[in-house]
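Residues per chain, in single letters:
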Amino acid sequence: MRHVFLCGNPALDLACTLRARRTAPFETLDAPARLDAWYVESGIVDTVTACQEDDVTQAVTVREAIYALVTARLADEGYDGGALALVNEAARTPCAIPQLAAEGRWTEATPAQALSTVARHAIELLTGPDVPLMKECANPDCTKIFIDRSRGGRREWCGMESCGNKIKAAAYRARKRQTRAATAR
């Protein structure tokens, strides 16, 4: 399974690795190899030292802290002290450092360095100019939060393929049913 990156920021993409939080939670970081793949597919690193179960546990803990901070910010509420401490602690670890290689840029990291890089993205996101652009997907079953950089800021869904088409198709079917019911009277 390949991971999905629709959110516009690695911290939000990590926060969204637990899908459908409110309805039928689905964990995508369920094994060390899946976390390895997420770090590489996200572009945080080109290669990561093989993750262990403890690394997965730590990443999921930081992910939940990031999600708590982002949703608090969206709701214009204060931050949870525990979540702040977790993200700040992860960010204190040295982050992944890109190197110049003959082939171009190359980034190798340990799992802790990769997670530190994500935590720093969260800090930059929550203190930067993209805060007003953060939105939660309009699909009630989806809990992805994304940066809306669309023209006019009208993006409603995390992605058309994943949520937008489902909502539009459901609305179309509902209109058709309503039209048929009205004409049957």
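This text follows the structure it describes.
Residues numbered from 1 in each chain as written. Predicted model: local features only at pLDDT ≥ 70, side-chain atom pairs only at ≥ 80, totals over all residues. Heavy atoms only, no water.

Caption draft 1: Representation of the overall build of the protein. Broken down by element type, the protein carries six helices and seven strands. From first element to last, N terminus to C terminus, the protein shows the α and β order α-β-β-α-β-α-α-β-β-α-β-β-α. Structurally, the protein occupies a C-alpha span of about 70 × 40 × 35 Å along its principal axes. Taken over 185 residues, the protein has a buried fraction of 38%. When contacts within the protein are restricted to residue pairs at least 6 apart in sequence, long-range pairs at least 24 apart make up 56% of them. (Helix = DSSP H or I, 4+ residues; strand = E, 2+ residues; numbered from the N terminus. Buried < 20%, exposed > 50% of the residue type's maximum accessible area, 1.4 Å probe, protein only. Contact = heavy atoms within 4.5 Å.)

Caption draft 2: Molecular detail of the nonpolar core. Core analysis: the largest hydrophobic core is formed by 45 residues, its most contacted members being Leu12, Tyr39, Val45, Ile66, Val118 and Met134. Contributing elements (two or more residues each) for this core: α1 (10-15), α2 (32-41), α3 (53-74), α4 (81-92), α5 (111-127) and β7 (145-147). Top contributing element to this core by residue count: α3, with eight residues. Residues within four places of Met134 in sequence aside, it is in contact with Leu12, Val70, Arg73, Leu74, Leu125, Leu126, Ile145, Phe146 and Ile147. (Core = buried A, V, L, I, M, F, W, Y, C linked by side-chain atoms within 4.5 Å.)

Caption draft 3: A look at unusual backbone geometry. Residue Ala20 is not a glycine yet carries a positive backbone phi of 50°. Tracing the chain through its elements places Ala20 in the loop between β1 (18-19) and β2 (26-27). The class of Ala20 is buried, set by a relative accessible area of 19%. One non-glycine residue, Asp76, adopts positive backbone phi at about 60°. Here Asp76 lies in the loop between α3 and α4.

Caption draft 4: A look at the packing of α2 against α3. Packing of α2 against α3 leaves a shortest axis separation of 8 Å and a crossing angle of 60°. What the angle tells us is that α2 and α3 run oblique. Both α2 and α3 take part in a crossing whose hand is left-handed. Between α2 and α3, the residues in contact are Pro32, Leu35 and Tyr39 and Glu53, Asp55, Val56 and Ala59, respectively. Counted by class, the contact of α2 with α3 contains five nonpolar, no polar and two charged residues. (Axes fitted to C-alpha atoms, helices over the stretch in contact; angles between N-to-C directions. Parallel < 35°, antiparallel > 145°, perpendicular 65-115°, else oblique. Left-handed = near helix turned anticlockwise from the far one by under 90°. Nonpolar A, V, L, I, M, F, W, Y, C, P; charged D, E, K, R; others polar.)

Caption draft 5: Just the pattern of salt bridges, in detail. Summed over all chains, the structure comprises eight salt bridges. Note that Lys135 is salt-bridged to Asp148, the shortest N-O span being 2.6 Å. Residue Lys135 is found in strand β6 (residues 134-136), and its partner Asp148 is found in the loop between β7 and α6 (160-184); the two are separated by 13 residues along the sequence. Taking the relative accessible area as the measure of exposure, Lys135 reaches 25% and is therefore partly exposed. Owing to a relative accessible area of 3%, Asp148 belongs among the buried residues under this scheme. Through salt bridges that share partners, Arg21, Glu27, Arg63 and Glu64 make up one connected network. (Salt bridge = Lys/Arg side-chain N within 4 Å of Asp/Glu carboxyl O.)

Caption draft 6: Fine view of the packing of aromatic side chains. All chains considered together, the criterion is met by two aromatic pairs. Arranged with centres 5.7 Å apart and planes meeting at 45°, the rings of Phe5 and Trp38 form a pair that is tilted. Placement of the pair is Phe5 in the segment before α1 and Trp38 in helix α2, with a sequence separation of 33 residues. For Trp38, a relative accessible area of 0% puts it in the buried group. Note on Trp38 and Tyr39: the rings are 5.8 Å apart at their centroids and 75° apart in plane angle, and the pair reads as edge-to-face. Exposure class is identical for Trp38 and Tyr39. Each is buried. Note that Arg21 overlies the ring of Tyr67, its terminal NZ or CZ placed 3.6 Å from the centroid. (Phe/Tyr/Trp six-rings, centres within 6.5 Å; stacked < 30°, edge-to-face > 60°. Lys NZ or Arg CZ within 6 Å of the ring centre and 35° of its normal.)

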